[in-house]
Amino acid sequence: MLCGAQLTVDPALPCEPDECGQQDESEKYGYDQEVHECVHASTVVRAATLWQWQDCHTASNYCHTDVMLKNVAALLLDEVHPFELGVLCEVFGLDRSDEGLPVHDFAVVSAEGPVLRTHAGFTISTPHGLDRLEEADLVAVPAGSQFMDREYPEEVLDALRRAVDRGARVLSVCSGAYVLGAAGLLDGRRCTTHWRHAAELARRFPRAVVEPDVLYVDEGSVITSAGTAAGIDACLHLVRQAHGPDVANAIARRMVVPPHRDGGQAQYIKRPLPRTTCDTVGGTLAWMERHLDQEMTVEQLAAQAHMSPRTFARRFQQETGTTPYRWLLRQRVLLAQHLLETSDETMDVIADRTGFGNAAALRHQFVKSLGTTPNSYRRTFRGPMSVSEAA
């Protein structure tokens, strides 16, 4: 059966405003609340030699560890991207001691001479060379132009390897992951980068375990973030580990960003399934699109195509590259995304129009496909007002 009413629903996830009543401002935007950040948005791999979560009675991301984070160095290469560098400067480089927040010893380090070009056309000068990395607790590599194709100075790669060997941590933002990959630091580790570059990262470094849908991955000594703003998520995660949630939340407020974002990169990727070039099931596909709100069985679809169920399933797979169930599910999720972006319909109405049957089934499949809830998706692409209007 392909009907929405028969979709399996897991135990209830945390309540959204339209399902459990109104939430206050701090709950709605994520401030001052416990958030399990490795559920959808990130992957946190906890090494027993580094982390001691066993005695903690709160969510793991709220446990204060003995991770040292006092000295931070941003490692720049030519054609660096200013925004990603700015993220590092904003989180680690500002003196917020007047608010009782910790101060990091922050430095910008050049890997290729005292003056570097940015991809925006201006230059950056710094007195710090690679020797400054030797004292850093965290070495962060922001994105840069053509990082996917270029070669890197061996002394840069050696410096990164030495940092990890002596117990420091390294962080990449966006395409900075390619620098870590060139140093061999992604081998056998989970990692991520901007979704546009994830396939190339996996091809270039086949021993890396690339996770294209998450915002960041924490592998203990090596942390990688997805594109652009995901660097903020990774940096706040590191602050939360080293200094606790209150410090991370306070920095997030100063930056006017949420301390934690729901979902991963999947919600930002347009991935419509490819159309078939044959006419065998083309008419049935069109009929399915027009009737997404209806229950369907393989037998009914086979009858539409004037085939036996076995022949229909085989032809469907050959011509679309997927099964009837998966094709139908993807089209229903795509329609739900469209309605969340463009309408103020309630979750029950959207669930009915997309064939999921009820809000719980819609939410389950939406989270499974995109890594975020329907309400979080609506907040991201329409703003918070639409949530209260549709509740």
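Rules of the game
- All chains use their own residue numbering, which begins from 1 and follows the written sequence.
- Only residues with pLDDT of at least 70 are given local features in this predicted model, and only at 80 or more are side-chain atom pairs given and counted; all residues enter the totals for whole chains, interfaces and linings.
- Calculated side-chain values reflect all of the structure's heavy atoms, with hydrogen atoms and water omitted.
- Confidence of the predictor at the level of single residues is captured by pLDDT, which takes values from 0 to 100.
- Residue contacts are counted whenever heavy atoms from the two residues lie within 4.5 Å of one another.
- Axis definition: a line fitted to C-alpha atoms, over the contacting stretch in the case of helices. Angles run 0 to 180 degrees between N-to-C directions.
- Every helix listed is a DSSP run of H or I at least four residues long, and every strand listed is a run of E at least two residues long, numbered separately from the N terminus.
- In this count, Pro and Cys sit with the nonpolar residues alongside Ala, Val, Leu, Ile, Met, Phe, Trp and Tyr, while Asp, Glu, Lys and Arg are called charged and the others, Gly among them, polar.
- Residues grouped as a nonpolar core are buried Ala, Val, Leu, Ile, Met, Phe, Trp, Tyr and Cys residues, joined through side-chain atoms within 4.5 Å.
- Each residue's exposure class comes from its accessible area (1.4 Å probe, protein chains only) as a fraction of the maximum for that residue type: buried when under 20%, exposed when over 50%, partly exposed otherwise.
- By convention in these notes, a salt bridge is any Lys or Arg side-chain nitrogen within 4 Å of a carboxyl oxygen on Asp or Glu.

Any chance you could break down the confidence of the model for the chain for me, citing the residues and the numbers?
Close inspection of predicted coordinates is inappropriate in any region flagged by low pLDDT. Here the chain averages 79 in pLDDT, while 76% of its residues score no lower than 70. Note on residues 271–276: pLDDT under 50 across the span, and 16 contacts to partners over four residues away in sequence or across chains.

Help me get a handle on the packing of helix α7 (residues 230–243) against helix α8 (residues 245–255), residues and values and all.
Put simply, α7 and α8 touch, their axes get as near as 7 Å, and they point 145 degrees apart. Where α7 approaches α8, its residues Ile232, Leu236, Val239, Arg240 and His243 are matched on the opposing element by Pro245, Val247, Ala248, Ile251, Ala252 and Met255. Tallied by class, the residues present in the contact of α7 with α8 amount to nine nonpolar, one polar and one charged.

Give me the nonpolar core: which residues, what numbers.
Of all hydrophobic cores here, the largest spans 40 residues; its most connected members are Leu76, Leu88, Phe92 and Leu171. When residues of this core are traced back to their parent elements, those giving at least two are β2 (71–76), α3 (82–92), β3 (105–110), β6 (138–141), β7 (169–173), α7 and α8. With eight residues, α7 is the single largest residue contributor to this core. Leaving out residues up to four positions away in the same chain, Phe92 has contacts with Leu69, Val72, His104, Phe106, Leu138, Cys235 and Val239. If you look at the next biggest cluster of nonpolar residues, it comprises 35 residues, including Val139, Val164, Val170 and Val222.

Any chance you could break down the pattern of salt bridges for me, citing the residues and the numbers?
Applying the stated criterion across every chain, the model contains 15 salt bridges. The partner of Arg150 in a salt bridge is Glu112, and the shortest N-O contact between them spans 2.7 Å. Taken together, the residues Arg150 in the loop between β6 and α4 (154–165) and Glu112 in the loop between β3 and β4 (115–117) connect sequence positions 38 residues apart. The class of Arg150 is buried, set by a relative accessible area of 19%. Judged by relative accessible area, Glu112 falls into the partly exposed class, the value being 29%. Shared partners join several salt bridges into a network, and the residues in it are Asp78, Glu79 and Arg117.

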